[in-house]
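One letter stands for each residue in the lines below.
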Amino acid sequence: MNKLDEATLRDRYALLCEACEDRPGGAAKDDEALLLALEDLIEQDLPALARRGSPPTFTDILRALRHEMVRFREFCEYPVLAGKVVVGLGGSFSAGKSSLINALVGDRKCLVTEVDPTTSLPTYLVQGEHDTPDVNAINLFNRLITLSHSQFRTLTHEERERYGSQVSRMLKSVVVAHNGFSWENLALLDTPGYSKADEEGSARTDASVARSQLNSARFIIWLVPADKGTITEDDIAFLASLDKRIPKLIVVSRADKHPPEAIGNIVSLVRQTLAQRGIEVLDVLPFSTRPRQPWSITPLTEYLTQWDQVWRDPGFTQQFKRQFMAYENYLDEARQEGQRQLSKFNRILTLSDDAGVQSDIQSLQRNSRGNLYQLEEVCQALSEIQQSFFSILKTLGQRLAIPLEEPDSLSMLEYAPVDLQTLLHALADECGVELHEVDPELWRPLTRNLPMDNLDLVLRRNDPGNQQLWQPLMANKPLTRLDELLKRDSTRYASLQALGNGDNA
């Protein structure tokens, strides 16, 4: 640690005291009881429920809920964020995110440019009114504190070595208001790099944190350093893991390090690579912070101006609902699997006269029924937790004048291509129907992108007794008996509905 003078020590001590403040403050102090109730549901009730039954990804679900709760705290403590369109900046460590923000506001000292990735400290930039940036932060006790701009700029990865302490570990997020930021309705979110500087993007340290923050944004700007030559496999994998519904813009940073023709080739290669990997992006733009370069910042600012006009939705309810649905989907699948096992045990009992086999199967049946009963209890408890959570969230929304109604589950469904043959085989297995005698020529079109000439025969639509059931599928009418056919299996419902709308399954 460097030797510090008395003034620096006093300032550092004051900053540490401020960061450790645990007295209610900010806009959320009147709603503290409701916020604590939400956090108790996440930190106490859900983990207790998980011990009775939870998906393998429960830790990811819990982490995502925690990060979304932090973001909701930020909006409650600093209400100006509630009306902003959040644009997330992502990329590997030292990709140039903060430098890009500094260029947008015309102030090289606006944000620190070497935030330690292990601090996972998200920083929002919004439009300010004063010549000197206003800096507010949320500490670990969920309190709003005020920092001077000079104090904020000490929160680098060298903080511990330089000052002997690390205040950044006491903070959850920072909001910087700068009058050089031109977009009134935007908030740029500078996320931590998802890899350490000395690992060149190969090992993720804050991948889950950065992913959660970027998935809460309305738009994403992803930076690719030009000195990499193209987009890396780690970047591609990370982008593929983000919400596909969020529009993404790729910016090739540090374009001044290569000749213009080389940058043109890099841009083309990045665009081509992403298209081949099935990752949709709005555009790929080169960028340099150095003056007198051919890479103007204007195309990027034009996108920001467009985004400044869109409808502003904080997206809290969707993010919370998505995590609860992930838990629900696991329980639904587990119950369906349990029901399938019971059906198989029943069929075995009817086929075997051996007393020992029947005794063993009956024992397995009792275990399966017990597991199903426990799953039903977990489902009921999860439903109660979810109802309480969104009821409190709605009350807070009314106080904050933000609509926070629980989204409908159907509106949250994500459609993706499925293997119809596998679904039909599973349905036949569940119903105890043997398909081995069916002509293979009837099934082959289901596994390839070919016309289904024999589809009527496969689906038995030629049977007069089934015509009334299948006709709505092809006529795009309400499927009044679909539950009876598919036993309320939502995955198969989506697949057959897509088939009825003329899509390739």
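Residues numbered from 1 in each chain as written. Predicted model: local features only at pLDDT ≥ 70, side-chain atom pairs only at ≥ 80, totals over all residues. Heavy atoms only, no water.

Below, the discussion takes up the overall build of the protein. Looking only at helices and strands, the protein features 18 helices and nine strands. The burial tally for the protein puts 47% of its 505 residues in the buried class. Partitioning the contacts of the protein with sequence separation of at least 6, the portion at a separation of at least 24 is 77%. Surface summary for the protein: the accessible area is close to 26000 Å², and the carbon and sulfur share equals 48%. (Helix = DSSP H or I, 4+ residues; strand = E, 2+ residues; numbered from the N terminus. Buried < 20%, exposed > 50% of the residue type's maximum accessible area, 1.4 Å probe, protein only. Contact = heavy atoms within 4.5 Å. Areas by Shrake-Rupley, 256 points an atom, 1.4 Å probe, with all protein chains shown as cover.)

Moving on: the sheet that holds strand β4 (residues 144–147). The strand order across the open sheet formed by nine strands is β4-β3-β5-β2-β6-β1-β7-β8-β9, and the pairing between neighbours is mixed. Whereas interior strands pair on both sides, the edge strands pair on one side only; in this sheet they are β4 and β9 (284–286). Taken over all neighbouring pairs, the strand axes of this sheet differ in orientation by 25° on average, direction set aside. Looking at chain direction, strand β1 (residues 85–90) and strand β7 (residues 219–225) are connected through four bridges and run parallel. Bridge pairing links G90 to W222 in β7. Helix α3 (residues 58–77) rests against β1, β2 (123–127), β3 (134–139), β4 and β5 (171–178) of the sheet, and its axis sits at about 45° to β5. (Pairing = 2+ DSSP bridges. Axes fitted to C-alpha atoms, helices over the stretch in contact; angles between N-to-C directions.)

With that out of the way, let us pick up the environment of I392. Along the chain, I392 falls in helix α12 (residues 355–400). In this structure the C-alpha to C-alpha distance between I392 and A37, which are 355 residues apart in sequence, comes to 7.9 Å. Non-local contacts of I392, meaning those with residues more than four positions away in its chain, are made with L34, A37, L38 and L41.

What follows concerns helix α1 (residues 6–19). For an α-helix, the turn length of 3.6 residues means that residues three or four places apart are oriented alike. Helix length check: α1 (14 residues) gives 20 Å between terminal C-alpha atoms against 20 Å at 1.5 Å per residue, within 8%. Along α1, the positions that sit buried rather than exposed are R12, L15 and A19. Along the long axis of α1, the arc covered by the buried residues comes to 60°, so they all point the same way. Every exposed residue of α1 that faces more than 90 degrees away from the buried side is listed here: E6, A7, R10 and Y13. (Expected span 1.5 Å × (residues − 1). Arc of directions from axis to C-beta.)

Within strand β6 (residues 186–190), five of the five residues are buried, which leaves the element mostly enclosed by the surrounding structure. A two-sided burial pattern is seen for β6, the buried positions comprising L186, L188 and D190 on one face and A187 and L189 on the other. Summarising the sheet, β1 and β6 pair through five bridges and their orientation is parallel. Bridging from a neighbouring strand, V85 pairs with L186 of β6. Bridge count between β2 and β6: three bridges; the pairing is antiparallel. Bridging from a neighbouring strand, L125 pairs with L188 of β6.

Considering all chains together, one arrives at 17 salt bridges under this definition. Notably, a salt bridge pairs D60 with R63, separated by 2.9 Å at the nearest N-O pair. Of this pair, D60 and R63 both sit in helix α3, separated by three residues, roughly a single helical turn. Here D60 falls in the partly exposed class, since its relative accessible area comes to 42%. A salt bridge links E337 to R340, with the nearest nitrogen and oxygen atoms 3.1 Å apart. Pair noted here: E337 and R340 are both in helix α11 (residues 316–351), with a separation of three residues, about one helical turn. Residue classification places E337 among the partly exposed positions, given a relative accessible area of 34%. For R340, a relative accessible area of 19% gives the class buried. Three or more residues joined by partner-sharing salt bridges are found here, namely E32, E39 and R73. (Salt bridge = Lys/Arg side-chain N within 4 Å of Asp/Glu carboxyl O.)

The tally for this structure, following the rule as stated, stands at 10 aromatic pairs. Seen in terms of ring centroids, F219 and W307 are 4.4 Å apart; in terms of plane orientation they differ by 5°. Their pairing is stacked. Here the residue F219 occupies a position in strand β7, and W307 occupies one in helix α10 (residues 298–307), the gap between them amounting to 88 residues. Judged by its relative accessible area of 5%, F219 falls in the buried class. Accessibility expressed as a relative area gives 4% for W307, which makes it buried. Ring centres of F320 and F389 lie 4.8 Å apart, and the angle between their planes is 70°; on these two criteria the pair is classed as edge-to-face. (Phe/Tyr/Trp six-rings, centres within 6.5 Å; stacked < 30°, edge-to-face > 60°.)

Overall, the predicted model of the protein reaches an average pLDDT of 77, with 74% of residues at or above 70. Overall, residues 113–119 carries pLDDT values under 50, and its contacts beyond four positions in sequence, including any with other chains, amount to 21 contacts. Within the model, pLDDT remains below 50 along residues 196–205, and this stretch shows 22 contacts once partners closer than five positions in the same chain are excluded. (pLDDT = per-residue confidence, 0-100.)

Along the polypeptide, T317 turns up in helix α11. Among the residues examined, T317 registers a relative accessible area of 6% and is labelled buried. Excluding residues within four positions of it along the chain, T317 makes contact with F390, L393, L404, E405 and P407.

What follows concerns the packing of α3 against α11. For the pair α3 and α11, interaxial distance at closest approach is 10 Å and the crossing angle is 165°. It follows from the interaxial angle that α3 and α11 lie roughly antiparallel. Crossing of α3 against α11: the hand is left-handed. Across from F58, I61, A64, L65, E68, M69, R71, F72 and F75 in α3, the residues of α11 making contact are F316, Q319, F320, Q323, A326 and Y327. Here the contact of α3 with α11 is built from residues that sort into 11 nonpolar, two polar and two charged. (Parallel < 35°, antiparallel > 145°, perpendicular 65-115°, else oblique. Left-handed = near helix turned anticlockwise from the far one by under 90°. Nonpolar A, V, L, I, M, F, W, Y, C, P; charged D, E, K, R; others polar.)

Now for the nonpolar core. Ranked by size, the top nonpolar core spans 46 residues in total, and within it F72, Y327 and F389 carry the most contacts. Contributing elements (two or more residues each) for this core: α2 (32–50), α3, β2, β5, β6, α11 and α12. Top contributing element to this core by residue count: α12, with 12 residues. Non-local contacts of F72, meaning those with residues more than four positions away in its chain, are made with L35, L38, F316, L393, L396, L400 and L404. (Core = buried A, V, L, I, M, F, W, Y, C linked by side-chain atoms within 4.5 Å.)

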